[in-house]
Amino acid sequence: METEELARRVCFIRETHYGGFWDFTANLEHGDTAYTTLPLKAHTDNTYFTDPSGLQMFHLIEFDGKGGTSLLVDGFYVARQLRTKSPTAYETLSTITIPAHSAGDPNTLIQPTPNGYPILNHDPLLNNSLYQIRYNNDDRSTMNHLESEQVLEFYDALRKWNNLLKDKHNEYWFQLKPGRVVIFDNWRVLHGRDKFSGHRRLIGCYLNWDDYQSRLKISHLSQEEILESL
Ligand SMILES: [Fe+2]
């Protein structure tokens, strides 16, 4: 299938408990909201993995119904707005860790190691720059590791983050169409969709961050530049 070939041109397809290359409808084949007709708020996938997938690819190949508009939000852009408007909330979401899990399938209990990362993750060896957003409210576990004042601080920061995510200026809504493949950076861009009715068939996959980054670097660096960068 051409879409799968396209994915493999980027790098290896990541196999998970949802399979390798997906072909799915709202049939609840897996205990996950993606397999329903429910609206999905802006989120990143795989907060329950130690290393969330780097890229996600979607291709809508059949749709006979209403709704289901797709949403993308640039998480780095929203994070910058939060840092400007509320440095305290930014600091809170950069430090308070959030346990996560995937346990919708009877044979699955996936939790990251350590079992909790902040929403905003920074690289201490690269000027403390923001490198990854991890945010999916539906995969969040109980937060009983926090002191009571931290809980208030966390929810206050979360509300500010969520208000910015829902700001119309930060949302990009579009309709997926057969023939139009969407690939986005799951470490930076949040995605979602509106509720829908009818038959909606999507294909797609996850691609690993490291493999995609490798392809990206090799595609524009010479051998000398690669050696110099190490
Ligand atoms: Fe998702």
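Basis of the calculations
Residues numbered from 1 in each chain as written. Predicted model: local features only at pLDDT ≥ 70, side-chain atom pairs only at ≥ 80, totals over all residues. Heavy atoms only, no water. Helix = DSSP H or I, 4+ residues; strand = E, 2+ residues; numbered from the N terminus. Contact = heavy atoms within 4.5 Å. Areas by Shrake-Rupley, 256 points an atom, 1.4 Å probe, with all protein chains shown as cover. Lys, Arg positive; Asp, Glu negative; His and termini not counted. Charge placed at Lys NZ, Arg CZ, Asp CG, Glu CD. UniProt positions renumbered as here; feature names shortened; annotations may be inferred. Donors = N, O, S within 2.8 Å, 3.2 Å for Na, K, Ca; no water. Buried < 20%, exposed > 50% of the residue type's maximum accessible area, 1.4 Å probe, protein only. Axes fitted to C-alpha atoms, helices over the stretch in contact; angles between N-to-C directions. Parallel < 35°, antiparallel > 145°, perpendicular 65-115°, else oblique. Nonpolar A, V, L, I, M, F, W, Y, C, P; charged D, E, K, R; others polar. 1 Å grid on protein atoms, 1.4 Å probe; cavity = no way out; pocket = protein on both sides within 12 Å on 5 of 7 lines; lining within 4 Å. Points joined across faces, edges and corners; volume = space filled by probe spheres on them. Domains from an automatic or database assignment. Buried area = accessible area lost by both parts, 1.4 Å probe. Salt bridge = Lys/Arg side-chain N within 4 Å of Asp/Glu carboxyl O. Polar contact = N/O pair within 3.5 Å; in protein donor to acceptor, adjacent residues only side chain to side chain. Phe/Tyr/Trp six-rings, centres within 6.5 Å; stacked < 30°, edge-to-face > 60°.

Undergrad: Can you help me understand the overall build of the protein in this one?
TA: Check the secondary structure of the protein and you find 6 helices and 11 strands. Each of the three principal axes of the protein carries a C-alpha extent, and together these read 50 × 50 × 40 Å. Excluding contacts between residues fewer than 6 apart, the proportion of contacts in the protein whose partners are at least 24 apart in sequence is 78%. Carbon and sulfur atoms form 52% of the exposed surface of the protein, whose accessible area is close to 12700 Å². Side chains of the protein carry 23 positive and 30 negative charges; the gap between the two charge centres is 8 Å.

Undergrad: In this structure, what is going on with the UniProt feature "domain: TauD/TfdA-like" (unreviewed entry) in the protein? I would like to understand it.
TA: Using the residue numbers shown here, the UniProt feature "domain: TauD/TfdA-like" (unreviewed entry) corresponds to residues 8-206. When the span residues 8-206 is considered, its composition is 21% helix and 30% strand, and the gap between its end C-alpha atoms is 11 Å.

Undergrad: Which parts of the structure should I look at to understand the coordination of the iron ion?
TA: Each donor-metal-donor angle in an ideal tetrahedron of four donors is 109.5 degrees, and each such angle in an ideal octahedron of six donors is either 90 or 180 degrees. With distances of 2.2 Å, the protein atoms coordinating the iron ion are His43 (NE2), Asp45 (OD) and His191 (NE2). We note that the donor set of the iron ion lies within a single chain, spaced as H-x1-D-x145-H. Separated by 146 residues along the polypeptide, aspartate 45 in the loop between strand S3 (40-43) and strand S4 (55-67) and histidine 191 in strand S10 (residues 189-193) bring together distant segments of the chain. Each member of the pair, aspartate 45 as well as histidine 191, is classed as buried.

Undergrad: Just to check I follow, could you spell out the packing of helix H3 (residues 87-95) against helix H4 (residues 148-165) for this structure?
TA: Interhelical geometry of H3 versus H4 gives an angle of 110° and a closest axis separation of 9 Å. With respect to H4, the element H3 is oriented roughly perpendicular. In this structure, H3 uses Ala89, Thr92 and Leu93 to contact H4, whose residues at the interface are Glu153, Phe154, Ala157, Leu158, Lys160 and Trp161. Classifying every residue of the contact of H3 with H4 gives 6 nonpolar, 1 polar and 2 charged.

Undergrad: Would you mind showing me how to read the layout of surface pockets here?
TA: Leftover empty space is mapped by rolling, across the atoms, a probe with the size of a water molecule. Each pocket or cavity is described by its volume, and for the largest pocket that value is around 900 Å³. As for the largest pocket, its lining consists of 47 residues, and the residues nearest its centre are Thr33, Leu40, Lys41, His43 and His191. A class-by-class count of the residues in the lining of the largest pocket yields 23 nonpolar, 14 polar and 10 charged. Domain assignment of the residues forming the lining of the largest pocket places at least three in each of domain 1 (2-73 + 172-229) and domain 2 (75-165).

Undergrad: Help me understand the domain arrangement of the protein, please; the structure alone is not making it clear to me.
TA: One frequent convention defines the size of an interface as the accessible area lost when the parts assemble. Partitioning the protein into structural domains gives domain 1 (2-73 + 172-229) and domain 2 (75-165). Between the C-alpha centres of domain 1 and domain 2 the distance comes to 21 Å. Of the residues lining the interface, 20 residues belong to domain 1; the matching set on domain 2 comes to 24 residues. Contact between domain 1 and domain 2 buries roughly 1900 Å² in total, counting both sides, with carbon and sulfur atoms accounting for 53%. Together, Thr47, Tyr48 and Trp187 form the three largest contributors to the area buried by domain 1 at its contact with domain 2, with a combined 33%. Inspection of the region where domain 1 meets domain 2 yields 0 salt bridges. Put simply, domain 1 and domain 2 have 11 residue pairs in polar contact (both at pLDDT 80 or more) between them.

Undergrad: Just checking my understanding: could you explain the pattern of salt bridges for this structure?
TA: Opposite charge on two side chains permits pairing when their charged atoms draw close. Enumeration over the complete set of coordinates arrives at 8 salt bridges. Arginine 8 is paired through a salt bridge with glutamate 4; the nearest N and O atoms lie 3.0 Å apart. Of the two residues, arginine 8 and glutamate 4 both sit in helix H1 (residues 2-10), 4 residues apart, roughly one turn of that helix. In this structure glutamate 4 comes out as partly exposed when scored by relative accessible area, which is 23%. Lysine 160 is the partner of aspartate 156 in a salt bridge, and the nearest nitrogen-oxygen pair spans 2.8 Å.

Undergrad: What should I look at first to understand the packing of aromatic side chains in this one?
TA: One pair of aromatic rings is described through two measures. These are the centre distance and the angle between the planes. Taken as a whole and judged by the stated rule, the model has 14 aromatic pairs. Ring geometry for phenylalanine 24 and tyrosine 35: centres 4.9 Å apart, planes at 45°, overall tilted. You can see phenylalanine 24 sitting in strand S2 (residues 22-24) and its partner tyrosine 35 sitting in the loop between S2 and S3, a full 11 residues away along the chain. Given a relative accessible area of 5%, tyrosine 35 falls into the buried group.

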